[in-house]
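Structural overview for review
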Amino acid sequence: MFEYKTIENPIENTLLKEKGSKFIGFAYPVNNEKELKAALEKVRGEHPKATHHCYAFRMGLSGENYRANDDGEPSGSAGLPIYNQLLANEVTNVLVIVVRYYGGTKLGVSGLVKTYKESAKITLEEASIITRELETEIEIQFNFNQQNTIFTLLSKFDAKVLNFDANENCILTASLKLAQREGISEKLSEMQHVSFEFND
């Protein structure tokens, strides 16, 4: 399991109308709590007068970090139907928010479930779903005269150099696909005057 499905870009302002109520859908790729909070605050800021801001998210490789929030709607009528759409699309690291402006006619619990589900569904249908590979960061220390060897090795494993301090003792940070971790560890372990560790 070195990859996961997520959405490529944010989707904003999909509109669904039901008995006078307006449901506006948003979907954001999020990688951590900070991005999650920022997206929620952004939508709340854009729709301060909305009756409800219901949402659900999944984060983590197998979606182990998740939450569904009804924001004042009857329990299980909003957050859960949204969350179920994340499951149906098999995506993670995604936040879906559905903003509701109440239109005067009550929809009832089953009506709400149906509409929140539909809103989340059309929002995710607009998103392009992509497969991302998990990455890890490695820090390698080596002697100045080993630069070529190290750089050749990194390019073999498609690693991206993030930072490089060239001194007598060089320190280099690179990111590479998690699937390559074993392979590169093996090669580096065989070299003299080289130490390395993964930052994860």
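Residues numbered from 1 in each chain as written. Predicted model: local features only at pLDDT ≥ 70, side-chain atom pairs only at ≥ 80, totals over all residues. Heavy atoms only, no water.

So, on to the overall build of the protein chain. Tallying secondary structure elements over the protein chain gives five helices and 11 strands in all. What you see for the protein chain is a C-alpha radius of gyration of 23 Å, clearly larger than the 16 Å of a compact globule of 200 residues, by over 25%. If you line up the protein chain on its principal axes, its C-alpha atoms span 75 × 30 × 25 Å. Looking at the protein chain as a whole, 41% of its 200 residues qualify as buried. As presented, the protein chain carries roughly 10,800 Å² of accessible surface, and 47% of it is formed by carbon and sulfur atoms. In the protein chain, 22 positive and 28 negative side-chain charges are present, and the distance between their average locations comes to 11 Å. (Helix = DSSP H or I, 4+ residues; strand = E, 2+ residues; numbered from the N terminus. Rg over C-alpha atoms; globule rule 2.2 N^0.38 Å. Buried < 20%, exposed > 50% of the residue type's maximum accessible area, 1.4 Å probe, protein only. Areas by Shrake-Rupley, 256 points an atom, 1.4 Å probe, with all protein chains shown as cover. Lys, Arg positive; Asp, Glu negative; His and termini not counted. Charge placed at Lys NZ, Arg CZ, Asp CG, Glu CD.)

As a measure of interface size, the accessible area lost when the parts come together is often cited. What the domain assignment lists for the protein chain is domain 1 (3–132) and domain 2 (135–199). A C-alpha centroid distance of 41 Å is found between domain 1 and domain 2. (Domains from an automatic or database assignment.)

This part takes up the side chain of Ser175. Along the polypeptide, Ser175 turns up in strand E10 (residues 169–177). Each residue touching Ser175, except ones within four places of it in the same chain, is listed here: Glu135, Thr136, Glu137, Asp158, Ala159, Lys160 and Leu162. (Contact = heavy atoms within 4.5 Å.)

As a further point, take the pattern of salt bridges. Going through the model one piece at a time under the given rule, you end up with six salt bridges. Glu90 serves as the salt-bridge partner of Lys5, at 3.2 Å between the closest nitrogen and oxygen. Of this pair, Lys5 sits in strand E1 (residues 3–7) while Glu90 sits in the loop between helix H2 (79–88) and strand E6 (94–101), and the two are 85 residues apart along the sequence. The partly exposed category is assigned to Lys5, whose relative accessible area is 31%. (Salt bridge = Lys/Arg side-chain N within 4 Å of Asp/Glu carboxyl O.)

Here we come to the sheet that holds strand E8 (residues 135–143). With antiparallel pairing, the four strands of this open sheet are ordered in space as E9-E10-E8-E11. The strands lining the two open edges of the sheet, one partner per strand, are strand E9 (160–165) and strand E11 (195–199). Recorded for the sheet is a direction-independent mean angle of 20° between the axes of neighbouring strands. With five bridges connecting them, E8 and E11 associate as antiparallel partners. Within E11, the position partnered with Glu139 by the bridge is Glu197. In this fold helix H4 (residues 147–156) packs onto E8, E9 and E10, with an angle of close to 165° to the strand it touches most, E8. Here helix H5 (residues 181–189) sits on the sheet in contact with E8, E10 and E11, set at roughly 160° to E11. (Pairing = 2+ DSSP bridges. Axes fitted to C-alpha atoms, helices over the stretch in contact; angles between N-to-C directions.)

Axis separation between H4 and H5 bottoms out at 11 Å; the angle between their running directions is 160°. Relative to H5, the element H4 lies roughly antiparallel. For the pair H4 and H5, the crossing hand works out as right-handed. Residues Ile150, Leu153 and Leu154 of H4 form the contact with H5, whose participating residues are Ile184, Lys187 and Leu188. Looking at the contact of H4 with H5 residue by residue, the class counts come to five nonpolar, no polar and one charged. (Parallel < 35°, antiparallel > 145°, perpendicular 65-115°, else oblique. Left-handed = near helix turned anticlockwise from the far one by under 90°. Nonpolar A, V, L, I, M, F, W, Y, C, P; charged D, E, K, R; others polar.)

A word on the UniProt feature "domain: Impact N-terminal" (unreviewed entry) in the protein chain. UniProt records the feature "domain: Impact N-terminal" (unreviewed entry) at residues 19–122, using the numbering of this structure. Its end C-alpha atoms 18 Å apart, residues 19–122 is made of 38% helix and 29% strand. (UniProt positions renumbered as here; feature names shortened; annotations may be inferred.)

Here we come to the sheet that holds strand E4 (residues 52–59). The sheet built from five strands is open, its strands ordered E2-E3-E6-E4-E5 with antiparallel pairing. The sheet is open, and its two edges are formed by strand E2 (11–18) and strand E5 (65–69), each paired on a single side. Strand after strand, the sheet turns through a mean of 15° between neighbouring axes, direction not considered. Relative to E4, H2 is tilted by about 35°, and along the sheet it contacts E4, E5 and E6.

A separate point is unusual backbone geometry. Excluding glycine, residues mostly carry a negative phi; peptide bonds, for their part, are mostly trans. In this model, Lys19 sits at a positive phi of 50°, which is unusual for a non-glycine residue. Looking at where Lys19 falls in the secondary structure, it is placed in the loop between E2 and strand E3 (21–29). Positive phi outside glycine occurs at His193, with the angle close to 60°. Among the secondary structure elements, His193 is positioned in the loop between H5 and E11.

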